[in-house]
Amino acid sequence: MLISESVFTPTNNRNYKKFKSLGYEFDIGDVILVSINHLSTGSKSIVVVQCDVCGSKMDLKYSMYVKNTKKYGIYTCNGRCSKIKFKKT
């Protein structure tokens, strides 16, 4: 489960047009506070996530969270929880 609602992310020439069209005010090179909903699936921004099995919280790159939840829709931490996810799915 995704806990973070927004994250600080650096801006560059690749995400300039996207964030400007969403109404963010910044200059290239600034670090801005962005809603999780506006991040691309490949974003390397660090978000706080919670394991859907044991409830432990951890920091993870957003792109890794998307990759982990894409197939089955739940996030699990490593080890015992991932085995439980494997059995459920």
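Placed above this text is the structure.
The model shown is predicted, which means the values in this text are computed figures rather than measured ones. Starting from 1, residues in each chain are numbered consecutively following that chain's sequence as written. Confidence filtering applies because this is a predicted model: local features only for residues at pLDDT of at least 70, side-chain atom pairs given and counted only at 80 or more, and all residues used for totals across whole chains, interfaces and linings. No hydrogens and no water enter the side-chain calculation; it runs on all heavy atoms of the structure.

1. Section: the side chain of Thr 11
Part 1 of the argument: Only DSSP runs of H or I with at least four residues qualify as helices, and only runs of E with at least two residues qualify as strands; both kinds are numbered from the N terminus onward. Along the chain, the position of Thr 11 falls in the loop between strand 1 (6–10) and helix 1 (16–21).
Part 2 of the argument: For Thr 11, the side chain forms a polar contact with the main-chain oxygen of Asp 27, separated by 3.2 Å.
Part 3 of the argument: Nitrogen and oxygen atoms within 3.5 Å of one another constitute a polar contact, given that in protein one can donate a hydrogen and the other can accept it, and given that sequence-neighbouring residues count only through two side-chain atoms. From its side chain, Thr 11 meets the backbone nitrogen of Gly 29 in a polar contact 3.1 Å long.
Part 4 of the argument: Residue contacts follow a heavy-atom distance rule, with two residues in contact if any of their heavy atoms lie within 4.5 Å. The residues contacting Thr 11, other than those within four sequence positions of it, are Phe 26, Asp 27, Ile 28, Gly 29, Asp 30 and Ile 32.

2. What to know about the packing of aromatic side chains
Two numbers describe a pair of aromatic rings. These are the distance of the centres and the angle of the planes.
Part 1 of the argument: Between 30 and 60 degrees the pair is tilted, below 30 it is stacked and above 60 it is edge-to-face, where a pair is any two Phe, Tyr or Trp rings, Trp via its six-membered ring, whose centres lie within 6.5 Å. In total, this model carries 5 aromatic pairs according to the counting rule given.
Part 2 of the argument: Between Tyr 16 and Phe 26, the aromatic rings sit 5.5 Å apart at their centres with planes inclined by 75 degrees, giving edge-to-face as the arrangement. Here Tyr 16, found in helix 1, pairs with Phe 26, found in the loop between helix 1 and strand 2 (31–35); they are 10 residues apart in sequence, far enough to count as distant.
Part 3 of the argument: Judged by centre distance (6.5 Å) and plane angle (80 degrees), the ring pair of Phe 19 and Phe 26 falls under edge-to-face.
Part 4 of the argument: In this structure Phe 19 comes out as buried when scored by relative accessible area, which is 4%.
Part 5 of the argument: Here the aromatic residues Tyr 16, Phe 19, Tyr 24 and Phe 26 are joined through ring pairs into a cluster of three or more.
Part 6 of the argument: Any Lys NZ or Arg CZ that is within 6 Å of a ring centre and within 35 degrees of that ring's normal is treated as a charge sitting over the ring. Sitting over the face of the ring of Phe 26, Lys 20 holds its NZ or CZ atom 5.1 Å from the ring centroid. The classification of residues rests on relative accessible area computed with a 1.4 Å probe and restricted to protein chains. Under 20% of the type maximum is buried, over 50% is exposed, and intermediate values are partly exposed.

3. Notes on the environment of Val 66
Part 1 of the argument: Inspection of the secondary structure assignment puts Val 66 in helix 2 (residues 62–70).
Part 2 of the argument: Among the residues examined, Val 66 registers a relative accessible area of 19% and is labelled buried.
Part 3 of the argument: In sequence terms Val 66 and Tyr 16 are 50 residues apart; their C-alpha atoms lie 22 Å from each other.

4. Points about helix 2
Since one α-helical turn is 3.6 residues long, residues separated by three or four positions face the same way.
Part 1 of the argument: Among all positions of helix 2, only Tyr 62, Ser 63, Tyr 65, Val 66 and Thr 69 are buried. Relative to the axis of helix 2, the buried residues are bounded by an arc of 160 degrees and lie together on one face. Here the arc refers to the set of directions running from the helix axis out to each C-beta atom.

5. Comments concerning the pairing of strand 4 (residues 57–61)
For a regular strand, the rule is simple: side chains alternate between the two faces of the sheet.
Part 1 of the argument: By the convention used here, strands pair only if DSSP detects at least 2 bridges between them. Pairing of strand 3 (residues 46–50) with strand 4, which is carried by 5 bridges, proceeds in the antiparallel orientation. Following the sheet pairing, Val 49 is matched in strand 4 by Met 58.
Part 2 of the argument: The turn joining strand 3 and strand 4, which pair antiparallel and follow one another in sequence, is formed by 6 residues; a positive phi near 85 degrees is taken by Gly 55.

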